[in-house]
Structure formats: structure tokens, C-alpha cells
Amino acid sequence: PMTRLLLALLLLSVHAHGAMMNGGWDWETKLWRVRCATNAGGTVSDASYRNATDFMQSIKRWGVRSQVASCGLYLGDNTNCITLGIINDIVNTDGNMQLIAFAAADYSEAIGLTGNGTTKYISLATPAGGTVTMSQIGQFAHLGVYCRSNVSNAAQHWIGATTSVGDSSAYVLGNFSGLTYGQVNDAVAQQWNSADTNAVGFYIGTRTATNFAAIYKNGAQLSSQTANVTGAHTSVGTIFVHALNVDGTQTALTARTLSFWTVGFALTPTTQLNYYLAVQKLQQRTGRAIFP
């Protein structure tokens, strides 16, 4: 009997260890959940915590995590929670980002956060003085969002910042006159676009070389820019989500529903595809996935 008891305890220990290694543990997700309660006065449900953990485990397993500097999941029971990024690799960005003019009714975990096209946006800056800018990341970078609603022929930016000093721009603008526009750390004159009338899903703009940048939509390349960029063209402006920051002023705000943001370093075709798979799985587990 004692032998059977010891064997049972050993198997239980192995099972528990395996669950810890392969189950629901990720230190960044745990810290994010605690901060949602202590910093934002909000709650992350067990289901959302598991979904966030699965997402973080996926991007770490698939070689994406090192390329992400700021990332927001739009999870939690209130608008304060969604301004706490789960990834905060830039100094002093582990607090609440600035939520401008949004109301509680604009957000639902099952839907995302919906703007009004005039006043509502998120500034990736914290009360502690942390900001997310392209000048901090460098020329070879990415930015993107998950968009859940299509607004036809609207010049409404999803994410980005542009400054006249240095002629620097990085943004993604979807479905303006049936086109999706992009810039990633180049001059204003070098923006590019491609036909895209149903502008929903996961969009990534990334620059991997001075003569190559691309917009990816749901894991596939939508368009590219191959003109050679002279100079870094990395804006010092704080990146806005649900709007474009133009020399410190919110511009071309979007009325669309977004449910994810990301800013970070350059993504190869393989890495951006892995990122899409992880983000799409998160959206599907949350019940808000858009299928191509």
C-alpha cells in the first residue's frame, strides 16, 4: 500500500509539473492581470486570462515575442483594462495608456472598442512619461491593428504618427476610396496603397530594409513599397491608436471597431504570418474573429 501511495504521489507531481509547463502559466500574462486589478480597478475573467496566456505562449513559441515592443489585447471588463498593454518593453510604458473620450458603452470584450470618427482615440503614452514612438524602435519596425468593422471610403487612420520635422511617417489607413494605405518610417511622398474594399482583419505594416516595406492583411502580403528610403524617417511623435498623430494633434480618427494593437520591430514574412495565426486564434477564442 505504501508503495502504491508513493507511486500515486509521484504521478501526481509529474502531472502537476507538466500542467505548469504546458498549461496556463505565463509570467507576463499574470503580471498584466494583476495590474488590471491594481492599476485599472478592473477584472480579467478566467476565460480571458486563459486566452491571453495562450496568445503569449504562442508568440513566444513561434518566434514573435522578441519583435513586439507594445501590444494591447482589448481584454478585461472595463475600458481602463484595455489601456494596459500586455507587452511593455519601452521604459515607463507598463502603466495605463491614455484613453481619450471613450465611454464604457464603446467597449465590449466580445466586440472590441468602437470609435466615433471625431474625438475618441488611444495615445500610447502613460502618466509616468512612457511613450511608444518609432524613434525609440528604429527604422526597421512594424505597427498594426485588428479591425472588426468596415467603413467604406473613409479617410480614417487606424494607428500611427507623422511629424513634419524629418518628414517622418508610420501608419496604416484602411479602405479610403477602396484602398488601404501604408507608410513605415519613410517620407510622406513615399506612401503606397493597394485595392482593399473589405478592410477587416489583422493588418501589419512593416519595414525590413531601406528599399522594402509591406502591408500584410490576414497573413498575406497586400502591397509593398520598394523605393529606396534615404534617412531613418523615424517620427518622435507618440503613436495613436484609432487615430493618426500629426505633429501632436489627433487627425483622421476612425469610427471602426478595433480589438488589438501592436508596435515593434521588423517582421519577416514568416514571422508576420506566425503573428497573424496567434492573433487570429486569440480573436477566435474571444468570439470576435473575422475570417478571410
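Definitions and cut-offs
Residues numbered from 1 in each chain as written. Predicted model: local features only at pLDDT ≥ 70, side-chain atom pairs only at ≥ 80, totals over all residues. Heavy atoms only, no water. pLDDT = per-residue confidence, 0-100. Contact = heavy atoms within 4.5 Å. Helix = DSSP H or I, 4+ residues; strand = E, 2+ residues; numbered from the N terminus. Expected span 1.5 Å × (residues − 1). Buried < 20%, exposed > 50% of the residue type's maximum accessible area, 1.4 Å probe, protein only. Pairing = 2+ DSSP bridges. Salt bridge = Lys/Arg side-chain N within 4 Å of Asp/Glu carboxyl O. Axes fitted to C-alpha atoms, helices over the stretch in contact; angles between N-to-C directions. Left-handed = near helix turned anticlockwise from the far one by under 90°. Nonpolar A, V, L, I, M, F, W, Y, C, P; charged D, E, K, R; others polar. Polar contact = N/O pair within 3.5 Å; in protein donor to acceptor, adjacent residues only side chain to side chain.

> I'd like a rundown of the confidence of the model for the chain, residues and numbers included.
Any region with low pLDDT has predicted coordinates that should not be read closely. Residue-level pLDDT values for the chain average 91, and 92% of them are 70 or greater. Low pLDDT, under 50, characterises residues 1-22; the stretch is placed with three contacts to residues that sit more than four places away or in other chains.

> Can you tell me about helix α6 (residues 269-286), naming the residues and giving the values?
Compared with an ideal rise of 1.5 Å per residue, which puts 18 residues at 26 Å, α6 spans 26 Å between its outermost C-alpha atoms and is within 8% of the ideal. Listing the buried residues of α6 in full gives Thr-271, Gln-272, Asn-274, Tyr-275, Tyr-276, Ala-278, Val-279, Gln-280, Leu-282, Gln-283 and Thr-286. Gly-287, located one to two residues past α6, shows a positive phi value of around 85 degrees.

> Can you break down the pairing of strand β7 (residues 141-147) residue by residue, with the values?
For β7, the buried fraction is high: seven of the seven residues fall into the buried class. Where β7 lies against strand β18 (residues 257-265), six bridges are found, and the strand directions are antiparallel. Across the sheet, the residue bridging to Ala-141 is Phe-265, located in β18. Pairing between β7 and strand β12 (residues 201-209): six bridges, direction antiparallel. Residue pairing for β12: Leu-143 is matched across the bridge by Gly-205.

> Quick one: what's the story with the pattern of salt bridges, residue by residue and with numbers?
Summed over the entire model, instances satisfying the criterion amount to 11 salt bridges. Residue Lys-281 pairs with Asp-54 through a salt bridge whose shortest N-O separation is 3.1 Å. Here the residue Lys-281 occupies a position in helix α6, and Asp-54 occupies one in helix α3 (residues 46-61), the gap between them amounting to 227 residues. Classification of Lys-281 by relative accessible area gives partly exposed; the value is 26%.

> Quick rundown of the packing of helix α2 (residues 27-38) against α3? Include the residues and the values.
Relative placement of two packed helices is described by the angle separating their axes and the distance separating the axes. In contact at an axis separation of 9 Å, α2 and α3 are set at 145 degrees when each is read in the N-to-C sense. As α2 packs across α3, the resulting crossing turns out to be right-handed. The residues of α3 that touch α2, namely those facing Trp-27, Glu-28, Thr-29, Lys-30, Trp-32 and Arg-33, are Asp-46, Tyr-49, Ala-52, Thr-53, Met-56 and Lys-60. Residues of the contact of α2 with α3, tallied by class, amount to five nonpolar, two polar and five charged.

> Tell me about the side chain of Asp-196, and please be specific about residues and values.
Along the chain, the position of Asp-196 falls in the loop between β11 (192-195) and β12. Side-chain polar atoms of Asp-196 contact the side chain of Lys-217, separated by 2.6 Å. If near-sequence neighbours (up to four positions away) are discounted, Asp-196 is found in contact with Asn-175, Gly-178, Leu-179, Thr-180, Tyr-203, Lys-217 and Leu-222.

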